[in-house]
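Here is how the chains run, residue by residue.
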Amino acid sequence: MLAEAWEPELFKNNLFDMGYAWDGHHTMNKIAQGKESVAAWDAYMEKRTKDYETDDILMNFVDNHDENSWNGSIQERMGEASEIMMALSYLTPGMPLIYSGDEYGLDHRLKFFEKDSIPKVKGKNWEIFKKLGEIKVNNIALNGGKNKASYKKINTSSKDKVLAFEREKEGKKVIFIGNFSKESQEFTIEIEGEYKNLYSNVNFSIINEKN
């Protein structure tokens, strides 16, 4: 049962199973617009852990009917950061939302109280959401329900610009590494080993040069 709200008390006594991750959404908007840094996301995740119980489910979203109509499309609000924010909404603990039309690359504000139409031509966004859906469904380390996978921050030397975290469940791991700045970044990260990029299916290595 999904509450169109976010207050932690609504999850008590089995009232609702899931609520909207509004704080996370606002944080994503601000980071995409350059108003906040990765530190804001870390603070959000810390607060989220304190405010909600482990079996509470939050719905992560980059768009919904209120945001689209009153504040603009994904592209308007998030610009070049749109794709990485879509990925973040899928890899963060919880369940992702696809707002009507975003799978087709909705590029305008839908009328709120009047009939309007959405595009129906599959393009870039269709492939992005399809890939993200496959990654989430096929990896137990991205479980986001009552028995969700864990979330652990990974430190990098570019902590204000690069977000890194690990999701894990039953020995399976998925790692998110994302550059939230407009410039290329060179940085070190506190992991090493052999990995596969789930987005491109390319294998790569991370080597700790101190060893």
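Caption draft 1: Molecular detail of the sheet that holds strand E5 (residues 150–153). The 3 strands are arranged E5-E6-E7 in an open sheet whose pairing can be described as antiparallel. Each having just a single partner strand, E5 and strand E7 (172–179) make up the two edges of the open sheet. Across the sheet, the mean angle from the axis of one strand to that of its neighbour is 20°, orientation sign disregarded. Where strand E6 (residues 162–169) meets E7, 8 bridges bridge the pair, whose relative direction is antiparallel. Paired with leucine 163 across the strands is glycine 178, a residue of E7. Along the sheet face, helix H2 (residues 38–51) touches E5 and E6 and points at about 30° away from the line of E6. Against the sheet, helix H5 (residues 82–91) touches E6 and E7, its axis set at about 155° to E7.

Caption draft 2: Focus on the sheet that holds strand E3 (residues 57–60). The 4 strands lie next to each other as E1-E2-E3-E4, forming an open sheet whose pairing is parallel. Both outer strands of the open sheet, strand E1 (2–3) and strand E4 (95–96), are each paired with one neighbouring strand and no more. In the sheet, E1 pairs with strand E2 (residues 18–20) via 2 bridges, with the strands oriented parallel. Counted as the bridge partner of leucine 2 is methionine 18 from E2.

Caption draft 3: Summary view of the pattern of salt bridges. Evaluated as defined, the whole model comprises 10 salt bridges. We note a salt bridge from glutamate 53 to lysine 12, for which the minimum N-O separation is 2.7 Å. Placement of glutamate 53 in the loop between H2 and E3 and of lysine 12 in the loop between E1 and E2 is noted, with a sequence separation of 41 residues between them. Exposure remark for lysine 12: the relative accessible area of 35% places this residue in the partly exposed category. In this structure, the salt-bridge partner of glutamate 83 is lysine 124, at a minimum N-O distance of 3.6 Å. Residue glutamate 83 is found in helix H5, and its partner lysine 124 is found in helix H6 (residues 124–137); the two are separated by 41 residues along the sequence. Lysine 124 sits in the exposed class, given a relative accessible area of 59%. Each of the salt bridges in this network shares a partner with another, and the network as a whole consists of Asp63, Glu67 and Arg77.

Caption draft 4: Structural view of the packing of aromatic side chains. The tally for this structure, following the rule as stated, stands at 13 aromatic pairs. A ring pair is formed by tryptophan 41 and tyrosine 44, whose centres lie 5.0 Å apart and whose planes are at 55°; its orientation type is tilted. Here tyrosine 44 and tryptophan 41 lie together in helix H2, a separation of 3 residues that amounts to about one turn. Neither residue differs from the other here; tryptophan 41 and tyrosine 44 are each classed as buried. Measuring from centroid to centroid gives 6.3 Å for phenylalanine 176 and phenylalanine 180, while their planes differ by 40°, and the two rings are tilted. Like phenylalanine 180, phenylalanine 176 is buried. Joined through ring pairs, the aromatic side chains of Tyr151, Phe165, Phe176 and Phe180 make up one cluster.

The rules behind each value
Residues numbered from 1 in each chain as written. Predicted model: local features only at pLDDT ≥ 70, side-chain atom pairs only at ≥ 80, totals over all residues. Heavy atoms only, no water. Pairing = 2+ DSSP bridges. Helix = DSSP H or I, 4+ residues; strand = E, 2+ residues; numbered from the N terminus. Axes fitted to C-alpha atoms, helices over the stretch in contact; angles between N-to-C directions. Contact = heavy atoms within 4.5 Å. Salt bridge = Lys/Arg side-chain N within 4 Å of Asp/Glu carboxyl O. Buried < 20%, exposed > 50% of the residue type's maximum accessible area, 1.4 Å probe, protein only. Phe/Tyr/Trp six-rings, centres within 6.5 Å; stacked < 30°, edge-to-face > 60°.

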